[in-house]
Amino acid sequence: MAFATFSEHLKNIRLCLDNMAADRAQIMQHLRAAGIPLVSRAVMDYLVAHSDPVSVISEIKRSGMNGLAISVDSLINNPGRVIAPIATPEPEQISMRNNMPDWKREDFPMDAIDAMIDIKVHYDITGNSITEGKMGDINDAFNDRLERLRKLIIANSNIPRRPMDIARLQAEKSRFQGRENIAVAIGLVNEPRHTKNGHLMFNIEDTSGEISCLLMNRKGDDRIIEHAQIVEAGLMPDDVIGVSGTFSQNGDMFYVDDLHFPMQSSHDKKFAEQGVSVAFLSDIHVGSKTFLEAQWHKMVQWFNTNPLARTIKYLILSGDCVDGVGIYPGQDKELSIKDLYGQYTRFAELLELLPDWVECIMLPGNHDAVRPAEPQPTLEPDIQQDFNTTTFVGNPCDFSLDGVRLLSYHGKSIDDFVAGLRTVTYRDPVEAMRQMLRRRHLAPQWGGKTPLSPEPEDGLVIREVPDIFVTGHVHGHACIDFRGTTLVCSSTWQDQTSYQRMLGFQPKPCMLTVVNLGTHKSISIPFA
């Protein structure tokens, strides 16, 4: 992740205050103990966001600076403890660690060399993008989203009655006053915000009209856990949800008794007849000085010698396989390969080191040589020609491997979920994935951090619940089950960047996630 300016970085810190480790009261205690009773709000925000504010406070004390004279610029230039120094990685032979995780042969039963390739693509924007970016295209995209998700809400949610158009509800709102007369509407969320008392206010809009809604932050015996969780997290702009409730006495406000989302309560996984495995990586960032090439060669050695590696038929590469060129100001100073095509050529050479039985499936991310607007088409043929045994798809891509349904998405919209929902953090990106499945949409917010292409059919709607859902982008790592879907946050192959170090964010690099398609057993292999 890279932000163009310091002001944008500071804005991101303020949006992510709830995510970071330090507590304001504890920081104030450390400041007073260091003889620094007052600092500016911007400096306090920076300390809250930092992973080790105590070391920063110690540096301030040693410098002898007056508290109110301290600026965030001075702290960034002297950030305290260095979490992971940036150095150019040198390729070298690294011996395997002795604590590789245990696995059972019955969980990973079949060698990939004996299996046929079975890839079926269900959705990919490549060759199917027809938008001209006009207002009519935007209207078509939102109408398609609303209609698709409306059907899913009706099918999967326990709504108390058939939903009505908002214009009709407003015309007949006197009928829906009092708890015995419940009204239901489905629409797009506008202007979600919290009141000073902690209630959640938002507007709901469909093609006929708009109403103002209030979800109360109830206490004590009136508290409903599901509602409290939504109030705590908030809603995303342009979410499609259903609301049931009643109008106020003057009809100006719709009091929400319940919210209805498109997600079904559970999902039954499909199991492949062939017991081969799929592995997941993302954000390799070849071409960057912080690409961990030594660890890549360590993984290649494992692929060519380990019995578990012989079960891996497919390798999913979820975007940002190269660092790109011109992605953010000053990037050229952090590049070891300054030519974009040279970066892809080098990555193709690195993939060639993998065994012949591994079929790679590669999609783009926000650092790749494709349009930034999602859904993104696949890489151009001039780039693809350097690669062997690689299937190129767009971002996102809905496809099946041996009958098991996968949804692979680079994950740029996680930035919007972190900014928009109080419960989503970069330290726990899987929560963003849960929220995507709950909404059955990968990137609901228009005009946020994620550029969107207004296609006549919204390609970011999750049409079918996947058996495996994989993202990358945030350089974290996780593999968990959520309501019958395996969620994989693919690990990066890039060391901590200068921007991440400034923000106090520590990535989780060089973890290869392996999931068996026949048993759905998973294992994560560390190479760092």
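Residues numbered from 1 in each chain as written. Predicted model: local features only at pLDDT ≥ 70, side-chain atom pairs only at ≥ 80, totals over all residues. Heavy atoms only, no water.

### Section: the overall build of the protein chain
Consideration 1: Scanning the protein chain from N- to C-terminus turns up 14 helices and 17 strands.
Consideration 2: In the protein chain, buried positions account for 55% of the 528 residues.
Consideration 3: Excluding contacts between residues fewer than 6 apart, the proportion of contacts in the protein chain whose partners are at least 24 apart in sequence is 72%. (Helix = DSSP H or I, 4+ residues; strand = E, 2+ residues; numbered from the N terminus. Buried < 20%, exposed > 50% of the residue type's maximum accessible area, 1.4 Å probe, protein only. Contact = heavy atoms within 4.5 Å.)

### Looking at helix α3 (residues 41–49)
Consideration 1: When you tally the buried positions in α3, you get eight out of nine residues, the bulk of the element.
Consideration 2: For α3, the complete set of buried residues consists of A42, V43, M44, D45, Y46, L47, V48 and A49.

### Overview of the sheet that holds strand β3 (residues 200–205)
Consideration 1: Strand order in the closed barrel formed by five strands is β2-β3-β4-β6-β5, with mixed pairing between adjacent strands. Between one strand axis and the next, the sheet turns through 55° on average, direction left out of account.
Consideration 2: Pairing of strand β5 (residues 240–247) with strand β6 (residues 254–260), which is carried by six bridges, proceeds in the antiparallel orientation. Each residue of the ladder has a partner; that of G245, found in β6, is V256.
Consideration 3: The sheet strands contacting helix α6 (residues 135–156) are β2 (183–194), β5 and β6, and the helix crosses β2 at an angle near 120°. (Pairing = 2+ DSSP bridges. Axes fitted to C-alpha atoms, helices over the stretch in contact; angles between N-to-C directions.)

### Let's talk about the nonpolar core
Consideration 1: Grouped together as the largest cluster of nonpolar side chains are 42 residues, with contacts concentrated most on W296, F347, W493 and L512.
Consideration 2: Secondary structure elements with two or more residues in this core: β7 (277–281), α9 (293–305), β8 (312–318), α10 (340–351), β9 (359–363), β16 (511–516) and β17 (522–526).
Consideration 3: Among residues more than four places away in sequence, those in contact with L512 are A279, F280, L281, M299, W302, F303, I312, L315, I523, S524, I525 and F527.
Consideration 4: The next biggest cluster of nonpolar side chains, apart from the first, holds 27 residues, and it includes V430, M433, L437 and I462. (Core = buried A, V, L, I, M, F, W, Y, C linked by side-chain atoms within 4.5 Å.)

### Here's the deal with the pattern of salt bridges
Consideration 1: Within the structure shown, the criterion is met by 16 salt bridges.
Consideration 2: For R371, the salt bridge goes to E455, with nearest N and O atoms at 3.4 Å. Here R371 is found in the loop between β9 and α11 (381–384), whereas its partner E455 is found in the loop between α13 (430–439) and β13 (468–471), with 84 residues between them in sequence.
Consideration 3: Using a relative accessible area of 27% as the deciding quantity, one classes R371 as partly exposed.
Consideration 4: Classification of E455 by relative accessible area gives buried; the value is 3%.
Consideration 5: With a closest N to O distance of 3.9 Å, R463 and E457 form a salt bridge. (Salt bridge = Lys/Arg side-chain N within 4 Å of Asp/Glu carboxyl O.)

Just geometry here; none of it tells us what the structure is for.
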